[in-house]
Amino acid sequence: ISKFNGRSFLAEKDFSKEEFMYLIDLAFQLKDEKKHGIPHRYLEGKNIALLFEKPSTRTRCAFTVACTDLGAHPEYLGKDDIQLGKKESIEDTAKVLGRMFDGIEFRGFEHKKVEMLAEHSGVPVWNGLTDLWHPTQTLADFLTVKENFGRLEGITFVYVGDGRNNVANSLLVGGALVGMDVRICSPESLFPAAEIVELAQELAKQSGGRVTITSNVDEGVAGADVIYTDVWVSMGEEDKFEERIELLSPYHVKMEMLEKTGNENVIFLHCLPAFHDRETSYGKDIYTKHGLAEMEVTDEVFRSKHSKVFDQAENRMHTIKAVMAATLGNLV
Ligand code: CP
Ligand code: NVA
């Protein structure tokens with residue numbers, strides 16, 4: 001493992017397999033310490049900027065609580081609070097923030113923006129989700145897998161649904177990096193971009209993992225340890241509901257699909273927020289219009305014993321804490 005200090009985390013590929021594994025194990029340790037009330041104030045006196053162009057529950061709260069537990073001060077800056085890319089260039093904003101803050105989290109649309117922040121701020125920058133990647137989500141998901149199966153290598157990890165979004169990209173590359181049998185099961189028109197599949201294939205060659213992209217649900221889910229899905233329409237794509245419902249209905253996660261895996265210990269994961277219950281979810285008019293009770297996952301699966309979605313949500317905090325501690329806390 002090379003030194004973490006001062007490094008940014010913009011995508012899974014920024015770290016080696018060993019480094020990725022180290023972050024997951026560090027998160028496991030920090031989670032245990034937190035449960036036992038053992039303090040770990042590795043970032044005492046540091047100031048962290050949390051930049052959000054898109055809304056967030058988990059990522060914002062995870063960064064805020066993790067900062068506080070580590071002894072750092074988090075400063076939330078929403079989309080209308082600062083000039084980022086509006087009245088001031090990203091380069092200039094990055095230089096200003098880097099003079100005041102010790103680390104920067106960014107959630108937004110174009111991935112280029114988070115790269116520019118990292119390039120010009122001079123401090124570690126962490127990607128809290130862009131249109132292209134959601135790497136801190138991958139760490140939390142893999143910690144959850146490890147807690148359930150005791151390992152990551154050789155795990156059959158199947159992502160079902162919109163194969164072109166940030167979460168699909170991240171899981172594909174992250175799974176290949178750590179040596180999983182990672183599969184994307186989606187309609188052909190939503191297959192991941194060729195360069196992302198190529199990157200995953202290259203990483204799988206080195207790790208002993210496997211990469212499969214298929215539109216066939218039966219083949220895709222056979223033998224799965226994990227069935228993962230995400231929303232059919234990501235933030236910023238709200239005009240695509242109708243076409244996605246049409247395209248993705250065969251990829252709806254139901255009990256039947258879990259049974260098709262042939263694995264009674266299969267777990268269900270979802271990064272959240274999820275559309276699993278018409279009565280409580282946003283977009284009720286769209287459900288009603290299409291006669292749907294839920295979208296990407298049934299309420300039955302969501303609330304079943306297979307579902308680990310709230311462990312996964314909690315793990316966002318422990319893994320984000322690990323990333324900040326490792327890249328800013330002089331740990332390794
Ligand atoms: N999973 C996730 O990133 O959730 P938020 O959008 O609530 O941060
Ligand atoms: N793909 C989703 C993930 C939300 C955490 C989105 O970008 O909206």
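It should be emphasised that the depicted structure is a prediction, and the values quoted were computed from it without experimental measurement.

Draft legend 1. View of the pairing of strand β3 (residues 103–107). β3 sits mainly inside the fold: five of its five residues count as buried. Alternating positions in β3 separate into two faces, G103, E105 and R107 on one and I104 and F106 on the other, with burial throughout. Where strand β1 (residues 47–52) meets β3, five bridges bridge the pair, whose relative direction is parallel. If you follow F52 over to β3, its bridge partner there is R107. In this structure, β3 lies alongside strand β4 (residues 125–127), joined through three bridges in parallel fashion. Across the sheet, E105 pairs through a bridge with W126, a residue of β4. Chirality of the crossover, the property in question, places the unit of β3, helix α4 (residues 111–121) and β4 among those that are right-handed.

Draft legend 2. Structural view of the pattern of salt bridges. Considering all chains together, one arrives at 21 salt bridges under this definition. One salt bridge in this structure joins R244 and D162, with 3.4 Å as the shortest N-O distance. Here R244, found in helix α9 (residues 241–248), pairs with D162, found in the loop between β5 (156–160) and α6 (166–178); they are 82 residues apart in sequence, far enough to count as distant. Overall, D162 belongs to the buried group, its relative accessible area being 1%. Among the ionic pairs, E242 bridges to K289, the shortest N-O distance being 2.8 Å. Of this pair, E242 sits in helix α9 while K289 is found in helix α11 (residues 284–290), placing the two residues 47 residues apart along the sequence. Bridged by salt links that share partners, the residues K34, D69 and K321 form one connected network.

Draft legend 3. Broad picture of the site of ligand 2. Taken together, L129, N165, N166, V167, D230, V231, S234, M235 and L272 make up the full set of residues adjacent to ligand 2. Contact between ligand 2 and N166: a nitrogen atom at 2.9 Å from a side-chain N or O atom of the residue. Within the contact set of ligand 2, an oxygen atom lies 2.8 Å away from a backbone nitrogen or oxygen of M235. When ligand 2 sits alone it has 270 Å² of accessible area, and the protein chains cover 94% of it.

Draft legend 4. Looking closely at the environment of V125. Position of V125 relative to the elements: it lies in strand β4. V125 gets classed as buried once you look at its relative accessible area, which sits at 0%. Spatially, the C-alpha atoms of V125 and K321 are 14 Å apart, while their sequence positions differ by 196 residues. Contacts of V125, omitting those with residues within four sequence positions, involve S8, F9, L10, I104, V114, L117 and A118.

Draft legend 5. Focus on the nonpolar core. Residues F20, F142, F157, M180 and M324 are the most contacted members of the largest nonpolar core, which totals 63 residues. Those residues in contact with F157 that sit more than four places away from it in its chain are F142, V145, L171, M180, D181, V182, R183, V226, Y228 and L269.

Draft legend 6. Quick look at the packing of α6 against helix α7 (residues 194–207). One way to put it is that α6 packs onto α7 with a least axis distance of 6 Å and a crossing angle of 20 degrees. Between α6 and α7, the angle is such that the two are roughly parallel. Of the two elements, α6 crosses α7, and the hand of that crossing is left-handed. For the pair formed by α6 and α7, the contact residues are N169, L172, V173, A176, L177 and V178 on the first element and I196, V197, L199, A200, L203, A204 and S207 on the second. Per-class residue counts for the contact of α6 with α7 are eleven nonpolar, two polar and no charged.

Draft legend 7. Here's a closer look at the environment of A11. Here A11 lies in the segment before α1 (17–35). A11 sits in the buried class, given a relative accessible area of 1%. Here the alpha-carbon distance between A11 and H306, two residues 295 residues apart in the chain, equals 28 Å. Excluding anything up to four places from it in sequence, A11 contacts W133 and P135.

Draft legend 8. Region of the structure containing the site of ligand 1. Contacts to ligand 1 come from S56, T57, R58, T59, R107, H134, Q137, C271, L272 and R316. One nitrogen or oxygen atom from the main chain of C271 is found 2.9 Å from a nitrogen atom belonging to ligand 1. The protein chains hide 95% of the 250 Å² of surface that ligand 1 would expose on its own. For ligand 1, the cavity whose grid points lie within 2 Å of the majority of its atoms is the largest pocket. Split by residue class, the shell around ligand 1 holds two nonpolar, five polar and three charged.

Cut-off values and rules
- Residues numbered from 1 in each chain as written.
- Chains lettered and ligands numbered in written order.
- Predicted model: local features only at pLDDT ≥ 70, side-chain atom pairs only at ≥ 80, totals over all residues.
- Heavy atoms only, no water.
- Buried < 20%, exposed > 50% of the residue type's maximum accessible area, 1.4 Å probe, protein only.
- Helix = DSSP H or I, 4+ residues; strand = E, 2+ residues; numbered from the N terminus.
- Pairing = 2+ DSSP bridges.
- Right-handed = clockwise from strand over helix to strand, strands pointing away.
- Salt bridge = Lys/Arg side-chain N within 4 Å of Asp/Glu carboxyl O.
- Near = heavy atom within 4 Å.
- Polar contact = N/O pair within 3.5 Å; in protein donor to acceptor, adjacent residues only side chain to side chain.
- Areas by Shrake-Rupley, 256 points an atom, 1.4 Å probe, with all protein chains shown as cover.
- Contact = heavy atoms within 4.5 Å.
- Core = buried A, V, L, I, M, F, W, Y, C linked by side-chain atoms within 4.5 Å.
- Axes fitted to C-alpha atoms, helices over the stretch in contact; angles between N-to-C directions.
- Parallel < 35°, antiparallel > 145°, perpendicular 65-115°, else oblique.
- Left-handed = near helix turned anticlockwise from the far one by under 90°.
- Nonpolar A, V, L, I, M, F, W, Y, C, P; charged D, E, K, R; others polar.
- 1 Å grid on protein atoms, 1.4 Å probe; cavity = no way out; pocket = protein on both sides within 12 Å on 5 of 7 lines; lining within 4 Å.
- Sits in = over half its atoms within 2 Å of the grid points.

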